[in-house]
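# Analysis of the macromolecular model
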Amino acid sequence: MYKGQKVSLVFPAYDEEENIAAAIKDFKSAKIVDEIIVVDNNSRDNTSNIANRNGARVFLEKNQGYGFALKRGMGEASGDLVILCEPDATFEAKDLPNLLSLSNRYDLVMGTRTNKQYIRNGANMGLFLRLGNISVAKIMQIIYGLNNVSDCGCTFRVFRKSIVKKILPLLSVGGSHFLPETVILTKLAGGRIAEIPIHYGARIGESKITGSFKKSMKVGLNMLGIIFKNKIIPPKIN
């Protein structure tokens, strides 16, 4: 619980048996998270069984894709506050209190991995990725009139359940460019958005999203596509 509010945390997982137990243990140790949801996105390893044994609620999402997994987790979450994260050791539970501290004033509190002081040795945030994230984020900021944002693709973020209910039916991206869509829809729904720096560490295993230059370029272009698409054809939000 956080100030009387139930907290749900969502991990999308595809072949994460190597670190899923440690990730669950780390976030449980914060004594804030009430439920941990692991969305198994067709893993070929023992991810689901390990997550179950460590006390997570596990759901199988058969539609392959990072966005599909996160959307499923957001829909299954029962908390007043819904946290998205990664179970690959890149994020740490010790940053959670800072994110949650702004949740009483903002509907979406995002982490940013682009602050050099917070990037750990071995993290997959070299100059190309860092500048790419900042550039796409700034384009989104200008087009949608956001407050200062510097990271278009950081998974670690906190939503109020009230905003999740508004945007969930409209989330259309099943792939790796899912995160900018959540920001855009939150803004269009009248939500308040903030961003703060968080620590970003080395990943266990290879990134399925930005593990190569080609993959990173593709994701970046897809992010720009969804940013411009929603400006040209704004979704109808009740």
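The sections below set out a description of the structure shown in this document.

The rules behind each value
Residues numbered from 1 in each chain as written. Predicted model: local features only at pLDDT ≥ 70, side-chain atom pairs only at ≥ 80, totals over all residues. Heavy atoms only, no water. Pairing = 2+ DSSP bridges. Helix = DSSP H or I, 4+ residues; strand = E, 2+ residues; numbered from the N terminus. Axes fitted to C-alpha atoms, helices over the stretch in contact; angles between N-to-C directions. Contact = heavy atoms within 4.5 Å. Expected span 1.5 Å × (residues − 1). Buried < 20%, exposed > 50% of the residue type's maximum accessible area, 1.4 Å probe, protein only. Arc of directions from axis to C-beta. Core = buried A, V, L, I, M, F, W, Y, C linked by side-chain atoms within 4.5 Å. Patch = residues over 30% accessible without salt bridge, like charges linked within 9 Å, V, L, I, M, F, W, Y side chains within 5 Å. Areas by Shrake-Rupley, 256 points an atom, 1.4 Å probe, with all protein chains shown as cover. Salt bridge = Lys/Arg side-chain N within 4 Å of Asp/Glu carboxyl O.

### Some details on the sheet that holds strand β6 (residues 157–160)
An order of β3-β2-β1-β4-β6-β5-β7 is seen for the seven strands of this open sheet, with the pairing classed as mixed. Lying at the two open borders of the sheet, with one neighbouring strand each, are β3 (57–60) and β7 (193–197). Across the sheet, the mean angle from the axis of one strand to that of its neighbour is 20°, orientation sign disregarded. Two strands pair when backbone bridges link them, and strand β1 (residues 7–13) and strand β2 (residues 35–40) are joined in this way by six bridges, in the parallel orientation. Note that in β2 the partner of Pro12 across the bridge is Val39. Helix-sheet contacts for helix α7 (residues 178–188) involve β4 (81–84), β5 (108–112), β6 and β7, and the interaxial angle to β6 is about 35°.

### Side note on helix α5 (residues 127–144)
The end-to-end C-alpha distance of α5, which contains 18 residues, comes to 26 Å, matching closely the 26 Å that a straight helix rising 1.5 Å per residue would cover. Inspection of α5 places Leu129, Arg130, Asn133, Val136, Ala137, Met140, Gln141 and Tyr144 among the buried residues, and these make up the whole buried set. Buried residues in α5, looked at end-on, bunch into an arc of 145°, giving them a common side. Projecting away from the buried face of α5 at angles above 90 degrees are the exposed residues Leu127 and Ile142. Turning to α5, the residues buried within the fold contact α7 and α8 (213–232). In the stretch just after α5, Gly145 is the one whose phi turns positive, near 65°.

### Section: the nonpolar core
By size, the foremost hydrophobic cluster in this structure holds 37 residues, and its most contacted members are Met74, Phe159 and Phe178. Taken together, the elements giving at least two residues each to this core come down to β2, α3 (66–76), β4, β5, α5, α6 (161–167), α7 and α8. For this core, the element with the highest residue contribution is α7, accounting for five residues. Those residues within four positions of Phe159 in sequence are excluded, and the remaining contacts are Met74, Asp80, Leu81, Val82, Leu84, Asp107, Leu108, Val164, Ile167, Thr182 and Thr186.

### Thoughts on unusual backbone geometry
Of all residues except glycine, most have a negative phi; of all peptide bonds, most are trans. Positive phi, normally seen in glycine, also occurs at Asp15, with a value near 55°. Looking at where Asp15 falls in the secondary structure, it is placed in the loop between β1 and α1 (20–28). The class for Asp15 is buried, based on a relative accessible area of 18%. A positive phi angle, near 60°, is found at Lys31, a position not held by glycine. Relative accessible area serves as the criterion here: at 71%, Lys31 is assigned to the exposed category.

### Side note on a nonpolar patch on the surface
Nonpolar side chains collect at one region of the surface, where Phe128, Phe213, Met217 and Leu221 lie side by side and expose about 410 Å² of accessible area between them. Broken down by element, the residue count for the nonpolar patch peaks at three residues, all from α8. As for its position among the elements, Phe213 is in helix α8.

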